[in-house]
Each structure stands twice: as structure tokens, then as C-alpha cells.
Amino acid sequence: MTDLNDASGLAGISRRAALAGAVGLAGSLAATRFAPATTLPKSGGVLRIAFPSTPDSLDPQKTVAAAGNQISSLIFDNLTKLDENNVALPMLATSWTPEKGGIEWVFELRKDVTFHHGTAFTSADVVATIKRAYTADSVLRAKGAFGPIKDVATEGPDKVRFILTQPFAELPVVVAGRWARIVAADAIDKLETAPSGTGPFKLKEFRAGASVTVVKNDKYWMPGQPYLDGVELVGIKESIAQQAAIRGGNVDILTQIPIDTFLSLRNAGGVKVFSKVTGQYQVMMTQSNMKPFDNPLVRQAFRHIVDRNLLVASALLGQGTVGNDVPLPPGSPYLPQLAQYKQDLPKARELLTKAGIDKLDIELWTSSERQPTPKMALAFKEAAAKVGVNVTIIDVPYTEYVSNVSRKKPFYTTQWSAYPTFYERLYLMYRSGQGWKYGVVEDAPGLDALLDQMISELDEEKRKAIIKQALVKIHDSGERIIPYMMNYVGAARNRVQAYTPPNYDVIDFRGVWLA
């Protein structure tokens with residue numbers, strides 16, 4: 001049996017290998033913390049947090065928006081949680097053991113945990129959660145979130161066995177992810193209207209498009225937590241309104257804010273701001289299963305149109321780094337030697353000519369609710385005109401983006417968080433047929449095979465070599481143009497205590513309290 005604080009018992013899988021993806025990604029991330037509280041935590045109070053948009057769904061397996069994932073983290077728990085170094089620690093699972101070289105895993109579950117509606121948490125809930133996401137016709141965001149699952153089965157009320165399609169060392173880390181929340185088997189049909197989890201807070205009110213309010217779960221299994229009586233999440237889109245809200249004390253935390261909001265609040269009284277490197281990035285998606293991007297020469301041409309240095313300076317106002325079309329931040333030990341993409345309009349024109357394109361009219365979809373993607377779109381439009389590409393920018397609300405743009409249009413901007421594993425950051429995003437591979441098809445010959453090898457390889461050095469080979473192909477032919485890596489910026493009032501800005505968008509409020 002493998003206790004989470006002592007992974008020395010991994011049968012054939014070293015602790016180092018099991019955490020290779022997490023540590024490799026986290027190693028280059030500079031942590032930024034607020035000063036710790038100097039007094040003992042105090043219970044009580046409702047914390048108000050503002051996102052630029054409100055949840056698109058209360059279903060934790062369906063939501064795409066950051067606000068939806070934040071709410072799901074308050075209402076639901078995972079099997080594991082991650083520490084600062086992305087090491088898996090106990091949550092609803094107390095321990096786990098790999099068997100058969102990592103192709104099967106057995107998780108021991110916490111006893112005496114209940115869902116908000118009163119039923120006991122058991123292994124049947126874990127099985128129901130995963131099977132719901134992994135049905136053949138599932139379009140849920142959670143499909144794939146638990147790893148390469150072949151089957152999952154109960155072994156008594158407090159034990160569950162994962163049976164995988166291949167060895168998979170990252171499973172304990174993956175099940176801590178945002179779409180791996182555990183839902184109640186007897187309340188699955190109520191997730192959109194009355195979500196019931198085992199988490200620290202219970203849903204009180206959902207006002208679509210306006211706010212979500214949760215209240216303290218007095219029967220939470222974690223002793224003494226949460227300290228807050230409740231959390232209210234509100235949507236505030238405009239920078240001026242965001243600034244007024246936190247300066248006036250109407251909200252306690254601003255998250256995912258525009259850079260200009262961050263800069264304006266640096267000297268605000270009673271407010272602390274942060275700018276933290278996390279590996280978050282924004283994308284111009286050139287879907288490789290749609291014309292004209294089914295031709296890799298066109299995808300290549302578009303890479304050379306982007307002025308990345310200009311975007312870091314003008315769109316991010318210096319709060320980020322130049323991207324190179326791979327989803328790892330500079331300095332990661334897993335990065336191979338890659339030529340840095342720079343604006344080269346003659347090269348872009350040459351590639352378009354090779355693709356048989358003289359002039360091209362194309363729509364670029366974006367959303368002002370995902371700042372600063374409209375600035376990215378405008379900068380691209382101006383440069384593209386010089387090589388015969390006429391771009392029409394269409395700015396839509398985020399709800400319309402989710403319904404009618406993502407996966408359905410050939411060219412659009414989007415935003416992605418950092419993720420703690422290579423399974424999430426590479427396999428699910430670039431392996432054809434996987435849930436986050438929007439273009440569906442293989443972007444380069446041999447890429448799928450490398451990604452399959454990557455998640456099966458248990459030897460860290462061999463795995464690192466495979467990752468580097470895959471990144472070369474992604475850099476050359478992937479459907480995601482990544483002009484920059486963004487700092488995660490936000491602000492909080494001084495009364496917010498024991499708060500750490502998140503590595504992966506979602507804030508853990510269990511230990512947060514109000515002075």
C-alpha cells in the first residue's frame with residue numbers, strides 16, 4: 001500500500017517517475033506568495049470574488065469557464081489534491097497502490113464522508129463519476145480527465161480499482177484535476193440545477209449570468225475547515241468596474257483580470273496585487289481538420305505572421321514571456337532545442353504561395369471576456385494584410401464562443417491554463433481523438449505514436465526523450481499558435497488571509513479566512 005507521504009512502495013514505478021510531468025512543469029514556475037497571516041485563523045464572513053465571466057454550467061464534468069471550475073472546487077472534492085510542487089496528497093482517497101507495472105491502480109477511500117444531500121460517499125460514486133464521463137458518446141469535458149481508463153470497479157465500499165489501457169504513472173496527479181471532481185451516483189441528474197458534492201461549501205443560489213453563492217458545509221470531513229461562512233462569485237467584465245469594486249470593498253478578490261486593471265491597482269490602498277508565472281497561455285487556434293489549416297503549410301505560414309515581442313509589450317504590458325508554439329514555459333527541462341518563431345512576413349508569403357494561396361479571406365473569432373485576446377487578433381490582422389490575408393475579426397460573448405465557436409470554426413483565439421501533468425498538457429491536447437484535441441486529426445506523422453509512448457513510459461529519462469521528440473513535431477506542425485505565456489495577475493484586499501494565488505486558475509478557499 002502506498003501512502004501519499006511515502007511513495008517508496010510504488011511497484012516498478014519510482015516516485016520520481018510518477019511525478020516527472022508535474023515536477024518538470026513546475027520547476028520553471030516562480031512562486032509568488034502573499035505574506036502569511038500572523039494571527040490564528042478566524043471563522044466567519046462571506047468572501048466575494050470577481051471573475052470576468054460567470055459559470056457556463058454548474059456541472060463539474062461539463063463546465064469550461066474558469067468561474068465554473070472555481071465553483072466546482074468549492075462544492076466537490078477530488079480523490080487527491082496537489083501540494084505546491086504538484087505532489088499528490090490525500091483527499092477523498094487516503095492511499096493508492098499501483099499494480100501490474102502501473103496498468104492497474106487500487107485506491108483506498110476515506111470513510112465517514114457524506115454528500116450535501118445526506119448520502120454516504122462510497123466507491124460506487126467514484127465508479128459512477130468515471131463511467132458517466134467515459135461513455136462512448138460522451139461530450140463532457142471530463143472525458144479523459146481520469147487518464148487512459150479501460151474500466152473501473154468497486155472492491156467493497158471503500159476501495160476502487162482503476163484498470164488502464166496502458167501503464168500510467170501520472171494517475172495520482174491527474175485525478176486531482178479540475179474535471180475529476182467526484183459526484184454522487186444518486187444525484188447525477190441534478191448537477192445542472194442542484195449540484196451536491198462532498199466539498200467545503202454547498203450551493204445556495206445561482207443567478208445565471210450574474211452570480212453564484214455557496215455557504216459553509218458544517219459537516220465537512222476536514223476538521224475545522226472551511227473558515228468562511230460562504231463565498232459569492234460575481235461576474236465583472238470591465239476594468240473600471242473591477243477597480244471600483246475592489247477599491248470600494250464590494251469584492252475581496254479579483255482574478256483573471258486585464259493587465260491594465262492590475263497596473264492601476266498596484267498602489268491602491270488596502271489592496272495587494274500579484275503577477276505570477278504559471279505557464280498559462282493564449283492561443284490562435286488553426287484547426288487542422290478544417291480548411292485552410294488542413295494544409296500544414298498554411299499553419300506554418302501563420303506562425304511567421306505573429307509579432308510575439310510586440311504582443312508581450314503591448315497586449316501583456318510586460319507581464320509575460322514570448323511563446324514558441326509549445327505549451328511549456330521557457331526554462332522547462334523538458335524543452336528540446338527549438339528555433340524561436342519570429343515575425344517573418346516574406347517567409348509567411350513564401351509558405352502561402354507553396355500552399356497555392358495568393359489571397360485569403362478569413363474570419364478570426366475572439367471574445368473581449370478573454371483579455372487580451374482581441375489585442376492579439378487586431379495585431380495579427382494588421383500584419384496579415386501585408387501578405388495577402390484579409391482578416392475579419394468577430395468579437396462575441398464568451399457564452400456564444402462556447403456554443404458556436406470552439407471546435408466549430410477554423411480560426412479563433414482561446415486561453416489555456418497551466419496543467420500539472422504531461423498527460424493533460426500534451427496528450428489530451430495534441431493526440432488525435434482526445435477530448436482537448438480540437439482539430440481531431442493527427443497534426444504530424446508519428447505524433448500520436450510518440451504521445452502514446454509518453455504516457456506509457458515509466459522510466460523518467462526515456463520519457464523525457466520521448467517528450468522532446470513530440471515537442472519538435474508540435475512546434476513544427478501543431479494547430480495551436482502560442483504567441484506568449486501569460487503571468488497570472490490578480491488582486492486581493494488586505495483583509496483576505498492565508499491566500500495564495502493559484503498555479504492552475506482555481507483558488508483553494510478551504511484555509512482562507514477574513515481578518
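What counts, and at which threshold
Residues numbered from 1 in each chain as written. Predicted model: local features only at pLDDT ≥ 70, side-chain atom pairs only at ≥ 80, totals over all residues. Heavy atoms only, no water. Helix = DSSP H or I, 4+ residues; strand = E, 2+ residues; numbered from the N terminus. Rg over C-alpha atoms; globule rule 2.2 N^0.38 Å. Buried < 20%, exposed > 50% of the residue type's maximum accessible area, 1.4 Å probe, protein only. Contact = heavy atoms within 4.5 Å. Areas by Shrake-Rupley, 256 points an atom, 1.4 Å probe, with all protein chains shown as cover. Lys, Arg positive; Asp, Glu negative; His and termini not counted. Charge placed at Lys NZ, Arg CZ, Asp CG, Glu CD. Pairing = 2+ DSSP bridges. Core = buried A, V, L, I, M, F, W, Y, C linked by side-chain atoms within 4.5 Å. Phe/Tyr/Trp six-rings, centres within 6.5 Å; stacked < 30°, edge-to-face > 60°. Axes fitted to C-alpha atoms, helices over the stretch in contact; angles between N-to-C directions. Parallel < 35°, antiparallel > 145°, perpendicular 65-115°, else oblique. Left-handed = near helix turned anticlockwise from the far one by under 90°. Nonpolar A, V, L, I, M, F, W, Y, C, P; charged D, E, K, R; others polar.

Attention now moves to the overall build of the chain. Counting its regular elements, the chain contains 15 helices and 20 strands. Expected size for 515 residues packed as a compact globule is a radius of gyration near 24 Å; at 23 Å, the chain falls within 12% of this value. Its C-alpha atoms give the chain principal-axis dimensions of roughly 65 × 60 × 40 Å. Looking at the chain as a whole, 59% of its 515 residues qualify as buried. Contacts spanning at least 24 positions in sequence make up 73% of the contacts within the chain whose residues lie at least 6 apart. Just so you have it, the chain exposes about 19,200 Å², and 51% of that area is on carbon and sulfur atoms. Placing the 58 positive and 52 negative side-chain charges of the chain at their respective mean positions leaves the two points 3 Å apart.

To continue, consider the pairing of strand S7 (residues 149-154). As paired elements, S7 and strand S8 (residues 159-164) share five bridges and run antiparallel to each other. Looking across to S8, one finds that threonine 154 is bridged to valine 160.

A few words now on the nonpolar core. Leu79, Phe107, Val126, Phe146, Phe162, Leu426 and Met454 are the most contacted members of the largest nonpolar core, which totals 73 residues. Considering every element that reaches this core, the biggest residue donor is helix H13 (residues 422-430), with seven residues. Ignoring sequence-local partners within four residues, the contact set of leucine 426 consists of Pro327, Leu328, Arg431, Leu451, Met454, Ile467, Leu471 and Ile474. Counting 32 residues, the second-largest nonpolar core is a separate cluster that includes Phe302, Leu316, Leu352 and Ala377.

A full pass over the atoms with the stated rule returns 21 aromatic pairs. Their ring planes at 5° and their centres at 6.2 Å tell us that phenylalanine 274 and tyrosine 488 sit as a pair that is stacked. Separated by 214 residues along the polypeptide, phenylalanine 274 in strand S13 (residues 271-286) and tyrosine 488 in strand S18 (residues 480-493) bring together distant segments of the chain. For the pair formed by phenylalanine 274 and tyrosine 488, the shared burial category is buried.

This part takes up the packing of helix H8 (residues 296-303) against helix H10 (residues 345-354). Packing of H8 against H10 brings their axes to within 8 Å, and their N-to-C directions diverge by 165°. Classified by the angle between their axes, H8 and H10 sit roughly antiparallel to one another. In the crossing of H8 with H10, the sense of the turn from one axis to the other is left-handed. Side by side, H8 and H10 meet where Leu297, Val298, Gln300, Ala301 and Phe302 of the first sit next to Ala348, Leu351, Leu352 and Lys354 of the second. Looking at the contact of H8 with H10 residue by residue, the class counts come to seven nonpolar, one polar and one charged.

A few words on the environment of proline 200. For proline 200, the position within the fold is in the loop between helix H5 (171-174) and strand S9 (201-207). Residues proline 200 and serine 275, spaced 75 residues apart in sequence, show a C-alpha to C-alpha distance of 28 Å. Sequence-distant contacts of proline 200, defined by excluding residues within four places in its chain, comprise Ser73, Leu74, Asp77, Val215, Lys216, Asn217, Tyr220, Pro226 and Arg510.

What follows is about unusual backbone geometry. Of the consecutive residues lysine 291 and proline 292, the connecting peptide bond is found in the cis state with omega at 5°. In this fold, proline 292 is placed in the loop between S13 and H8. A cis geometry characterises the amide bond from glutamine 371 onward to proline 372, with omega recorded as 0°. With respect to the helices, strands and loops of the structure, proline 372 is situated in the loop between strand S15 (360-366) and helix H11 (373-384). Within the chain, leucine 317 stands out as a residue other than glycine whose phi angle is a positive 50°. Inspection of the secondary structure assignment puts leucine 317 in the loop between helix H9 (308-314) and strand S14 (320-322). The phi dihedral of alanine 498 falls on the positive side, at around 60°, and the residue is not glycine. With respect to the helices, strands and loops of the structure, alanine 498 is situated in the loop between strand S19 (496-497) and strand S20 (513-514).

Shape is all these values report; function is a separate question.
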